[in-house]
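Next come the chains, spelled out residue by residue.
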Amino acid sequence: MAETYDRIFKNGTIANQDGVHRSDLAVKDGKVAALGDLSRASAGEIVDVRGLHLLPGVIDTQVHFREPGLTHKEDLETGSRAAVMGGVTGVFEMPNTNPLTVTAEALEDKLARANGRMHCEHAFFIGGTHENVADLPDLERLPGCAGVKVFMGSSTGSLLVEDDEGVRNILRVIRRRAAFHSEDEPRLNDRKHLRVPGDPSSHPVWRDVEAAMKCTRRLVALARETGARIHVLHISTAEEMRFLADHKDVATVEATPHHLTLDDTLYATLGTKLQMNPPVRSALHRDGIWWGVHQGVVDVLGSDHAPHTLEEKEHPYPESHSGMTGVQTYVPIMLTHVAHGRLSLERFVDLSSAGPARIFNIASKGRLAVGFDADITVVDLKKKKTITNQWIASRSQWTPYDGVPVEGWAVGTVIRGQRVMWDGELVTPGAGAPFRFLETL
Ligand code: DOR
C-alpha cells in the first residue's frame, strides 16, 4: 500500500551533505519521512517544486534582534520576519540587549517573548561576564541557550571581558563551546586617537589587523591552557584565518557574508553604513577569508545582523553606530557567490546548515534526512533580482546591498514541514520554536 504523508515536496533537487540530486521529500509530523521517488505516495498536500533546490534549512548563528531594550532598531518579531523572508529557518541571537542576557531570568524572558512571535527557530546566547562566571555552568545548560558569548573587545552594549584572567575563569568552568568577539580591548583603547572625525574609512585603521590577531592569539592560548572549545566569530583578517588553520582542534571559525563580499573601497560610497566591528578591510583580507572557506578552515557563516536606525548610522563618524543588517540578505548574497563559481552549493550547505548543527550540537537539524526536522530553504538558483531597502523587513529598513543585483533567491522557508514563507509572503507567522541541543536534551 502506498504511504500517506502530510506533505510532499515533489520534483525538486536536494542539496545535502552527500551531494546534489533529484529527489522528492515527504513530511510527516514535522519531520522528513521519506526521500527519493515518491510518485506513488499520497499526501494531504503536494507542493510542486520543479526547477527549485531544497537545501537543509539555513541556520544563522549570529544575529542581534535587540529585544528587550533596543526595540526601536529591531525586535524578535521583525528580526525573525527578516530571517524567514530571506530563507533563514533559525537564528542564534546575541546577548547585548538591555537588560543584558546574563541571567536565567533574562534568558527565560527572551524565550517567553519569542514564543508565538518569532517566525523561525531560535536560541539565545548567554553573555559571559566577570560577575556571572560562577553561574555559567548552569546558565549554558538552560533550554533554549545556544551557549556562552564573550565580548573580548567592546562593541554595541556594555558586555566586556577584556582580560586574560576573566576569559580563563570562564573557559575553566564551562563545558559547551563558547563564542567570542575577538578584538583586543587594550589595543583598541590605545588607538582611539586614530579615528578621524567624519571619516569611517579610519575605522579599520583604529580597529586594526593586530587588534584582531593579538586577541585571537590570546584566546587560542587560553583555550589550550584550559582545554575548552572556542568559536571565533566574524573573522576579518587573512592573518587570523592562517593562524586558526593551525588550531582547528580547539577552535571553530565563523565568516560573515559582508567580510566575504565587501571591502574598504566601499567606505567612499557607503560611508558609515559599512561601519562594523570587526571592520570590513581591504580586498587582501577578503580574499584571505575566502581562502579559509576554500581550504575548509571556516566552519559556519553567520550574518552578524546588527541593525541600527539610519539616523543612528548617519551620526558623524565615530559617533555613528557600528553594525549593518544581514540576516535577510545572507542567502541571496551567498547564492550569488555560488552562481559566480566562488562556492559550491554543497559547501554552502556545509557552512549554512550542517556546520552549525555539527559545531553547536543542534538536535535533529542540519541535514535533510529521515527523522530530522523538515527545515528547508527552498531556492531558485537561477532567479535574478536586485536587493532593495524596500524589501528589507528589519525595523531598521536598510541594507548595504541596496541596488545590488543577485543571482539565486530563497522562494520558500519551510520549518518543521510548514511553509512559513512562500513566494515572498509570510504564510505561517509566529510558529518558531527553540532549538534543542545535544548537551541539554
Ligand atoms: O558592528 C557590530 N555591531 N559588531 C558587533 O559585534 C556588535 C554589533 C551590534 O550589536 O551592534
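Further up the page is the structure itself.
Residues numbered from 1 in each chain as written. Predicted model: local features only at pLDDT ≥ 70, side-chain atom pairs only at ≥ 80, totals over all residues. Heavy atoms only, no water.

Draft legend 1. The arrangement of the sheet that holds strand β1 (residues 4-10) in detail. One open sheet holds the four strands; their spatial order is β5-β4-β1-β6, and the pairing between them is mixed. Edge positions in the sheet fall to β5 (31-36) and β6 (42-48), since each has one partner strand and no second. Strand-to-strand twist of the sheet, defined as the mean angle between neighbouring strand axes without regard to direction, takes the value 25°. Looking at chain direction, β1 and strand β4 (residues 24-28) are connected through three bridges and run antiparallel. Across the sheet, residue I8 finds its bridge partner in β4, namely A26. (Pairing = 2+ DSSP bridges. Helix = DSSP H or I, 4+ residues; strand = E, 2+ residues; numbered from the N terminus. Axes fitted to C-alpha atoms, helices over the stretch in contact; angles between N-to-C directions.)

Draft legend 2. View of the site of the ligand. Taken together, 15 residues lie around the ligand, and R66, N96, T156, N277 and S322 are the ones closest in. Between N277 and the ligand, the recorded distance is 2.7 Å, taken from a backbone N or O atom to an oxygen atom. One of the side-chain nitrogen or oxygen atoms of H308 is found 3.1 Å away from an oxygen atom of the ligand. Here the ligand loses 100% of its free accessible area of 290 Å² to cover by the protein chains. (Near = heavy atom within 4 Å. Polar contact = N/O pair within 3.5 Å; in protein donor to acceptor, adjacent residues only side chain to side chain. Areas by Shrake-Rupley, 256 points an atom, 1.4 Å probe, with all protein chains shown as cover.)

Draft legend 3. Examining the pairing of strand β18 (residues 418-422) more closely. Inspection of the sheet shows strand β17 (residues 405-415) paired to β18 by four bridges, in the antiparallel sense. Within β18, the residue paired with I415 across the bridge is Q418. What sits between β17 and β18 in their antiparallel hairpin is a turn of two residues, with R416 showing a positive phi close to 45°. Relative to strand β19 (residues 425-426), β18 runs antiparallel, the two sharing two bridges. Across the sheet, the residue bridging to M421 is L426, located in β19.

Draft legend 4. Region of interest: the sheet that holds strand β12 (residues 178-181). Across the sheet, eight strands lie side by side as β8-β9-β10-β11-β12-β13-β14-β15; this open sheet has parallel pairing. Of all the strands in the sheet, just β8 (58-63) and β15 (300-301) have a single pairing partner and so form its edges. With four bridges connecting them, strand β10 (residues 121-127) and strand β11 (residues 145-151) associate as parallel partners. Residue pairing in the sheet places G127 in a bridge with K149 of β11. Against the sheet, helix α2 (residues 104-114) engages β9 (88-93), β10 and β11, with an angle of about 160° to β10. (Contact = heavy atoms within 4.5 Å.)

Draft legend 5. Seen up close, helix α8 (residues 238-245). Listing the buried residues of α8 in full gives E240, M241, F243 and L244. With its buried residues spanning 165° around the axis, α8 presents them on a single face. Packing partners of the buried residues in α8 comprise α7 (209-226), β13 (230-232), β14 (251-255) and α11 (283-294). (Buried < 20%, exposed > 50% of the residue type's maximum accessible area, 1.4 Å probe, protein only. Arc of directions from axis to C-beta.)

Draft legend 6. Structural detail: the packing of α7 against α8. Taken N-terminus to C-terminus, the directions of α7 and α8 make an angle of 20°; their axes are 9 Å apart at the nearest point. One way to sum up the angle between α7 and α8 is to call them roughly parallel. Two packed elements cross with a definite hand, and for α7 against α8 that hand is right-handed. On α8, the residues that touch V209, A212, M213, T216, R217 and V220 of α7 are E239, E240, F243 and L244. Residues that form the contact of α7 with α8 fall into these classes: six nonpolar, one polar and three charged. (Parallel < 35°, antiparallel > 145°, perpendicular 65-115°, else oblique. Left-handed = near helix turned anticlockwise from the far one by under 90°. Nonpolar A, V, L, I, M, F, W, Y, C, P; charged D, E, K, R; others polar.)

Draft legend 7. Here's a closer look at the packing of aromatic side chains. All told, the structure shown has nine aromatic pairs when counted by the stated rule. Aromatic side chains F92 and F437 sit 5.7 Å apart centroid to centroid with 65° between the ring planes, which places their arrangement in the edge-to-face category. Taken together, the positions of F92 in strand β9 and F437 in the segment after β19 put the pair 345 residues apart, joining distant regions of the chain. As far as the burial class goes, F92 and F437 line up, both buried. Under the relative-accessibility criterion, F437 is labelled buried at 1%. Aromatic rings pair up to connect F92, F125, F360, F435 and F437 into one cluster. In this arrangement the basic side chain of R367 is found over the ring face of F372, its NZ or CZ atom lying 6.0 Å from the centre. (Phe/Tyr/Trp six-rings, centres within 6.5 Å; stacked < 30°, edge-to-face > 60°. Lys NZ or Arg CZ within 6 Å of the ring centre and 35° of its normal.)

Nothing here speaks to function; it is all geometry.
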